[in-house]
Amino acid sequence: MLRNRAGGPPACFSRSRLLFFFLLLLLVLPAEAGLKIRSDYSPHNRTRERRRSTTYIILHTTEGGAKGSLTKLKKYGEAHYLVDRNGEVVRIIHRDRIAMHAGRSMWNGQTNIDKVSIGIEMVGYHNKPLTKSQKTALRELLRQLQTIYKIPDSRVLPHSMVAYGRPNRWHRVAHRGRKRCGMLMAGDELRRELGLTSRPSYDPDVRAGRLKVADPYLEKVLFTPKRSTPAPPRRTTSPRPTPAPATGRNVIARGRSAWDIAREQYNASTTVYTFPDGTTKRGDQIRSWSRIPAGTQVSVKGNTVEQQSSAERVQVIGRDGSTAGEIAGAEVAKESTIYFFPNGSVKQGNQMSSDDFRRLARGTQMLVGYTYGGVISANRKAFDICGPRWNLATTFYRRPNGQILAGDKINERNIPIGTMVFYQP
Ligand SMILES: [Zn+2]
């Protein structure tokens with residue numbers, strides 16, 4: 001139907017529309033009014049499930065600049081809000097839906113904190129002060145969200161407080177200290193400025209023996225009452241302060257291991273080690289971690305401290321966990337957990353026999369939380385299988401030759417027939 005430019009819409013149309021917009025305004029206005037806020041939604045926004053409950057607000061620091069961080073957060077749907085240095089707030093995932101921001105996480109025995117929390121990313125670093133505008137904006141954003149979801153101050157937590165790491169060669173058991181993200185937002189003075197009057201005084205998972213402390217400095221920052229925001233490690237009185245990861249302190253030395261610098265990126269193909277003799281190796285090429293000489297420089301790619309790369313979504317038994325259970329938790333036998341065996345066969349969790357589980361070998365690749373869309377054929381293209389998700393970095397293609405490629409790396413004209421498609425529901 002063509003619209004009459006001069007005459008405008010018919011009266012009945014305009015009246016009902018006006019009423020509709022008025023009601024909509026009433027619904028929308030009280031939510032985030034009083035903030036400089038705009039929407040720049042992730043392509044994942046419409047497909048993410050709604051949360052059944054909202055118990056926590058998790059505070060993050062991007063560990064990188066605004067532009068690059070926003071691009072990545074949008075690409076993977078990894079935050080609800082971003083608060084820029086000038087106080088501008090950006091909506092990335094609608095606050096009622098699930099954003100993938102907390103990664104491997106646990107608080108008070110509850111895992112998968114993404115399903116019960118809102119994630120806010122502050123542009124900046126875990127150990128550098130927020131700007132005045134950021135504090136004003138975050139204070140107001142928290143006030144509004146805490147009112148909407150009835151979240152007490154003691155449940156507004158820095159990401160580093162809930163993130164935890166799987167056993168690795170430096171820490172033989174599951175541990176707190178996987179990252180320092182958002183660490184400064186445990187400081188009493190800053191919390192007061194943000195209108196928060198309480199915070200946890202101890203780590204319930206460490207106390208219950210579920211986790212060990214792998215970063216004593218972080219532990220001290222998070223749980224020791226302080227008069228001011230945390231000082232950088234060198235100024236603490238902690239007996240053995242752990243050096244800060246990455247930024248400027250990226251050289252292996254006595255008491256500073258590859259893990260201290262790169263955390264879980266230590267063996268990633270994107271982490272590059274430059275040895276004192278000038279030769280280089282990627283993290284995934286290093287076999288003998290105890291033989292890395294002091295003076296080796298470690299370069300962790302871009303923002304990887306905070307964002308997950310698509311390569312990390314394809315998890316590998318023997319690298320990301322020693323068993324399927326360590327990687328998928330309660331979801332090991334679910335249809336949405338996919339196993340790619342080294343021999344080339346592919347199974348969903350609900351197709352796995354107990355023999356399959358017993359024989360799971362190192363090198364088996366896994367996707368957790370995925371829908372198997374089917375196989376590409378002559379008259380069934382990627383778009384027919386997963387719609388606009390076809391080129392997302394979180395969609396995966398498993399070619400007949402066994403190669404697994406992310407949607408943002410695939411050439412649509414060159415997807416072989418027989419390629420399997422997996423996407424996030
Ligand atoms: Zn974080």
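Source: prediction; values computed, not measured. (Residues numbered from 1 in each chain as written. Predicted model: local features only at pLDDT ≥ 70, side-chain atom pairs only at ≥ 80, totals over all residues. Heavy atoms only, no water.)

J.: Even after reading the chapter, I still don't get the pattern of salt bridges, so can you show me in this structure?
T.: When charged atoms on two side chains of opposite charge get close, those side chains can pair. Summed over the entire model, instances satisfying the criterion amount to 16 salt bridges. The partner of lysine 135 in a salt bridge is glutamate 193, with the nearest N and O atoms 3.1 Å apart. Taken together, the positions of lysine 135 in helix H3 (residues 132-149) and glutamate 193 in helix H5 (residues 188-193) put the pair 58 residues apart, joining distant regions of the chain. The exposure class assigned to glutamate 193 is partly exposed, which follows from its relative accessible area of 36%. Residue aspartate 356 pairs with lysine 347 through a salt bridge whose shortest N-O separation is 2.7 Å. Taking the relative accessible area as the measure of exposure, lysine 347 reaches 27% and is therefore partly exposed. (Salt bridge = Lys/Arg side-chain N within 4 Å of Asp/Glu carboxyl O. Helix = DSSP H or I, 4+ residues; strand = E, 2+ residues; numbered from the N terminus. Buried < 20%, exposed > 50% of the residue type's maximum accessible area, 1.4 Å probe, protein only.)

J.: Teacher, can you tell me more about the sheet that holds strand S18 (residues 365-368) here?
T.: The strands making up a sheet associate through hydrogen bonds between their backbones, and the pairing can be parallel or antiparallel. Taken together, the 4 strands give an open sheet; going across it, the order is S15-S18-S16-S17, and neighbouring strands pair in antiparallel fashion. Of all the strands in the sheet, the pair left with one neighbour each is strand S15 (315-316) and strand S17 (346-348). As defined by bridge partners, S15 adjoins S18 across 2 bridges and the pair is classed as antiparallel. Across the sheet, the residue bridging to valine 316 is glutamine 365, located in S18. (Pairing = 2+ DSSP bridges.)

J.: I tried to follow the pairing of strand S16 (residues 337-340) on my own but got confused; where do I start?
T.: Consecutive side chains along a regular strand alternate between the two faces of the sheet. Neither face of S16 is left uncovered, since the one carrying Thr337 and Tyr339 and the one carrying Ile338 and Phe340 both have all their residues buried. Bridging between S16 and S18 involves 4 bridges; their strand directions are antiparallel. Residue pairing across strands places threonine 337 opposite valine 368, the latter belonging to S18. Note that S16 and S17 share 3 bridges and pair antiparallel. Counterpart to tyrosine 339 in the pairing with S17 is lysine 347. From the end of S16 to the start of S17, which pair antiparallel, there are 5 residues, and glycine 344 there has a positive phi angle of about 105°.

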